[in-house]
Structures are given as structure tokens and as C-alpha cells.
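Observations on chain architecture
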Amino acid sequence: MFFGTTFSFFPYKYPTQLGTLTTKLTSVLTSPLCLVSMAVSKFLSLGTFITFLCVIINANYGRVEASHRVYPQFQSLSAVSVKQLLRTSYHFQPSKNWINDPNAPMYYNGIYHFFYQYNPKGAVWSNMVWAHSVSKDMINWEALEPAIYPSEHFDINGAWSGSATILPNNKPIILYTGLDHKDRQVQNYAVPANLSDPYLRKWIKPSNNPVVNPGKGVNASAFRDPTTAWWLNGHWRMLVGSKRNHRGIAYLYRSRDFMYWIKAKHPFHSVPYTGMWECPDFYPVLLSGKEGLETSNIQGKPVKHVLKVSLDITRYDYYTVGTYLTAKDRYVPDNTSVDGWAGLRYDYGNFYASKTFFDPAKKRRILWGWVNESDTTEDDVKKGWAGIQAIPRTVWLDPNQRQLMQWPIEELETLRGKNVKMRHQQLKTGDHIEVKGITAAQADVDVTFYIPSLDKAEPFNPSWTNAQELCAKKGAEVQGGVGPFGLLTLASKNLEEYTPVFFRVFKSSKKHVILLCSDATSSSLMDGLYKPSFAGYVNVDLADKRLTLRSLIDHSVVESFGAGGKTCITSRVYPTLAVFENANLYAFNHGTETITVENLNAWSMKKPRMN
Ligand code: DQQ
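Residues numbered from 1 in each chain as written. Predicted model: local features only at pLDDT ≥ 70, side-chain atom pairs only at ≥ 80, totals over all residues. Heavy atoms only, no water.

By the naming in an unreviewed UniProt entry, the protein chain goes by Beta-fructofuranosidase, insoluble isoenzyme 1-like and is assigned to Durio zibethinus. Quoted verbatim from the Sequence similarities (unreviewed entry) field of the UniProt record, the comment on the protein chain reads "Belongs to the glycosyl hydrolase 32 family." (UniProt positions renumbered as here; feature names shortened; annotations may be inferred.)

**So, the sheet that holds strand β26 (residues 416–427)**
One open sheet accounts for six strands, arranged β26-β38-β28-β34-β35-β36; its pairing is antiparallel. Each edge of the sheet is formed by a strand with only one pairing partner; in this case those strands are β26 and β36 (567–572). Neighbour-to-neighbour, the strand axes of the sheet open up by a mean angle of 15 degrees, direction not taken into account. Pairing of strand β35 (residues 557–562) with β36, which is carried by six bridges, proceeds in the antiparallel orientation. The residue bridging Glu-559 from the neighbouring strand is Thr-570, located in β36. (Pairing = 2+ DSSP bridges. Helix = DSSP H or I, 4+ residues; strand = E, 2+ residues; numbered from the N terminus. Axes fitted to C-alpha atoms, helices over the stretch in contact; angles between N-to-C directions.)

**Some words on the site of the ligand**
Around the ligand, the surrounding shell holds 14 residues, and the nearest of these are His-68, Asp-101, Gln-117, Arg-224 and Asp-225. Here Asn-100 contributes a side-chain N or O atom positioned 3.1 Å from an oxygen atom of the ligand. Here an oxygen atom of the ligand sits 2.9 Å away from a polar atom, N or O, in the side chain of Trp-125. For the ligand, whose free accessible area comes to 300 Å², the fraction covered by protein is 100%. Of all elements in the fold, only β1 (97–108), β5 (159–167) and β20 (352–359) reach the threshold of two or more residues within the shell around the ligand. For the shell around the ligand, the class distribution of residues is six nonpolar, four polar and four charged. (Near = heavy atom within 4 Å. Polar contact = N/O pair within 3.5 Å; in protein donor to acceptor, adjacent residues only side chain to side chain. Areas by Shrake-Rupley, 256 points an atom, 1.4 Å probe, with all protein chains shown as cover. Nonpolar A, V, L, I, M, F, W, Y, C, P; charged D, E, K, R; others polar.)

**Here's the deal with the environment of Glu-410**
Mapped onto the fold, Glu-410 is located in the loop between β25 (404–408) and β26. For the pair Glu-410 and Pro-392, spaced 18 residues apart in sequence, the C-alpha to C-alpha distance is 9.6 Å. Here Glu-410 is in contact with Lys-362 and Arg-364, once residues within four sequence places are set aside. (Contact = heavy atoms within 4.5 Å.)

Now the structure itself:
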């Protein structure tokens, strides 16, 4: 079931890395296919055969690594001009070049700091530094000089991802991965040079770095992305992502003084056949309410914990909800959380290497995620830029305690300009009704659909475990019973191009199954794009016969939140006709059951200060 999803990435600029072509080929041939086949080989003779093949391939070609694809010819090619056509307006991005992972988001004395992986020289991944921006609202940003860049033996070959911790007496400290002079991944720290500079412009990397070496038994080329540290019973703790063979691992390290770290005997958590765990994130969530918690602040509080890992093989972010066994210093996911590739995702679209932080100013936990491109590397070089960040999201535990809820930070609403409404509008089968009067290429749309009757819901086949495959099969044009209904975003006048975001309701023996799709198949007339039918299931019971959808539309991104933030999907799209004032927005229904737009609000969005 994962084959289609995984392999569909490879023609584009997704996994694989620093190696030779052979290594790249090996990773294509081995990682996804072999891991799955090994998992199923107990049951299938074909699986056994493929596993055997993989072992031979692995034995012949040796180490398999994956991270970002390398394009030596483009990596330091300065943008001649930055193409504005598809640049986003209110999503975070620098003025040019490549960006990837969010690093060390934090709040310090009234200012939000955001660091990110950045190539100062070109529009493809390479030459990584920690770019640095500051903001008072996480919407308007001012760019500063890079905070961390390769300069010492412990990071001379790269300054990769990491996290911030606020030490007692309000002292920020950053842990990050350095690629040292031997190309080993080591963990370093950096501190502000001047705590009284409100912008914390300069960061120092003291000479006692690295503070953590890979050590015996740890794969030095798969040992990265330290988490925010937490304090418990006299020790700091932090996690580092890794893998051994094909087992994904979060190693736990402890320290009394933040300088001298010892690896715990047992990994904090690990799962077989999941490959490299990049950018782990671990944090507490309250059992009820939307309030966030500081990572160390759990004593006496009714909490669960969340462990998120970025699976390099699929390039998606998966999380489980579970229990932190503090006495054993281990994490155990709840039995309601699937621990692996079929598990919950923050976002069922382009969203990777994410990281949360606790915002003490508004007592909330905020999630940042990198939204990568779906065009070709050549397109990125021509554009002179690649990568944006999703709108920061507040995250909290769903009252059902089985999943998270996510919602764009409230500050985004300060960008809302002209508002249009649609009320009690019936959508009969085949209708698409225009939402007129806003800048449809740069908009925020929030809609509540009312479903008068669920009787016509199509039967759900239990073999449809892969939402994305189901959405590809039953797209926006395929007539159903209850749905497909939703929004046609970034639509050209004659619908040569459009990105539908829609629901489809099925009936299974016990309950209704709701599918949310964000389908890029018809989004662009351009060639060579990755146009997936991203989708996720939405775990709601429909007792009130209502479904809500919010979509943030920003020229080349559509970021959607289904059912108040239960299921989120971000699509990158590259319209050629549906641009600027030629983009349109419609509400539509292709199901035989009439649906009512009970309430729709759409706003033109203003452009914030963006770096
Ligand atoms: N990107 C960083 C790594 C991380 C990966 C390097 C995830 O630290 O594992 O740019 O996208």
C-alpha cells in the first residue's frame, strides 16, 4: 500500500543525498520497497524474494543514506532574478534561495525568533546555514544575519537542524547538528553573545563543542536533529534522531549541566523498518483544553505526550500520542496510535521536518513545518527560490485524546481584509457557485457545510486504507452520493486549472467514514510537476451533520484544515492561468445529495512584512 506513495516521490527532488549515483540508486531500490517487503515477507513468498534481492543489493552497495538530494551544478548558482509569479505573500519565506527545516523557534523577551535551514548561495539544498528572522507576531518578519554557519572543526561541513531550550533565568541555548571535519554528525551548542540585545543577533559556538559525539555503536552519518531539552529529576534530557540498519531510533541523552551528556542505555523509542528518524520532537499536551505546556513543566499535571518523527523514507511527519514512563525514561505510544507509516500525520500533504515550541506569552504550543516544492529542480533554479514555511499552528490534544488538533495562529487574522459571505446557499449536484469580490489567489476561507441527509453516502470498502489512493480514484469530478463537495481554489475562469479541496462521505457497517482531499491533479497546465491527490481521513461522527473547512490560499500553496483542525492538508500548486486577479474561488458539489453552505466567510489577505 505504500509503494505508490513512496515511489511517486523519486522523479522529483525528494530523498537521497550526499552520495554517488550508485548510492542514490541503492536508496531508491532498497529503502521503501525493501522495508515493506521485509515487513510482509513472513506472509508472502514475493516479499521474501524481494527481501533476498535487497540483501544482495545492500551487501553490494553498502551504506544507504538519505536526506536532501544534491545538485552540484546548481548549489551555488546565484539567482539572476527572483520570479514573483508564484511566490507566496503571507507564508514565511526569505527574499530568495532555498529553505528547508524550521530550526529552534522560540520566544525571548517579547520577540519570536525563527531560524531555518537556508542556502545563501542558491535555490537547491546545499551550503546550509541557520538563517534568522525575528517577529512580534509570527506574521510580520524581519531578516537578520545568519545566526550559525559552518566555521569550526565541529561544524565545518554543515550546520544542520536543531532546537532551542530556555535555561533557568531565561537563558536561551541552541543544540544543533554539525557535520565535523570528518563528516561525522555531532551535536553542538550555541549561545547568544549578548543577552541584552533584544534580537539576539550574534551567537557563539564555544570551544568545548561538540557536546555529543556519535560514540560506539551509533551510525555517525545518521545521528542528527537534537530536540528541545527537558528537565526532570535533576537531569536535562534530549533526543537525537538516528537509525540502526532499518530501525528508526530516538536516542536519549542526559546531562546535569547541559555540557556533559551521557547516552541512556536504552533508546527512548524505536520502531523497526521505519528508516532514519529525522527531526524528532517530544512534548507534553494537557488532557483537555487548548493551553500548551512548557516541555519540562509536567509535574502533577494531567498530560499525555506526543512523539513526532520525520520519516526520511516517505518525507512525511508522523506522530503518536502516548505515555512518558518517567521512571524508565521511555516513551510508549497508546494502543490507539499506530506507530509507523500508517500512523497519524500532522499534515497529509507537503509538510516535513516540523518542530514545536512553547509560547509563554500566550501559553500555547506552536507548530512550524517546512512546505517543500512540487515543481522540478530546474523550475526552482529558474524561480530563484524554493521552499516556504506553513503558517504557524497552535496544537492541542483532541478531546478524544487520540489525536492532535491544529489551527492557524490567531495573529494571522490581522491580515484579513475585505470580507465576503455566503449564507444558506444550496449546492445541488453539479453546482459550482463563485465566491466573488475577494483576491482569490491570496485569501482565507472558512466554511461550514450542512448535510441534510446521510442516506446517500456510498458504501465504504474496508480495503481503502490509503486515503491518497482513494482520492486519486474518486476525485472531485467523480460523482458520489454525499460529496464530493467543497471548494475549488485557484481556479481559472473556464476551469482549465483548479485545486479542489473537498469532502466525500462514505458509510461503513459501523459509522460514516469521511475523506478530505486536496487534489493537485488539475492544478496546472505546466509540465513536469508532482501533482498528488493528497488526502486524509477525518475522525468525526457527523452527529450534527456539519463539516467545516478552512483553506489558506496563497498563490502557490493551499493549506487546509478540515473539521476544525482534525485533518490538515497542504498542497503546492503552480497555476499558469489562475494567477493574481485571474484566480477564482468556487463552492461546489458533485454528489447527488444537495449540500448547504450554511456559512462561508472569505477574506482577501494583506501582505505582511516578509523578511
Ligand atoms: N534536513 C537537515 C537535517 C535534517 C534534514 C539538513 C531534514 O538536519 O535531518 O538540512 O529535512
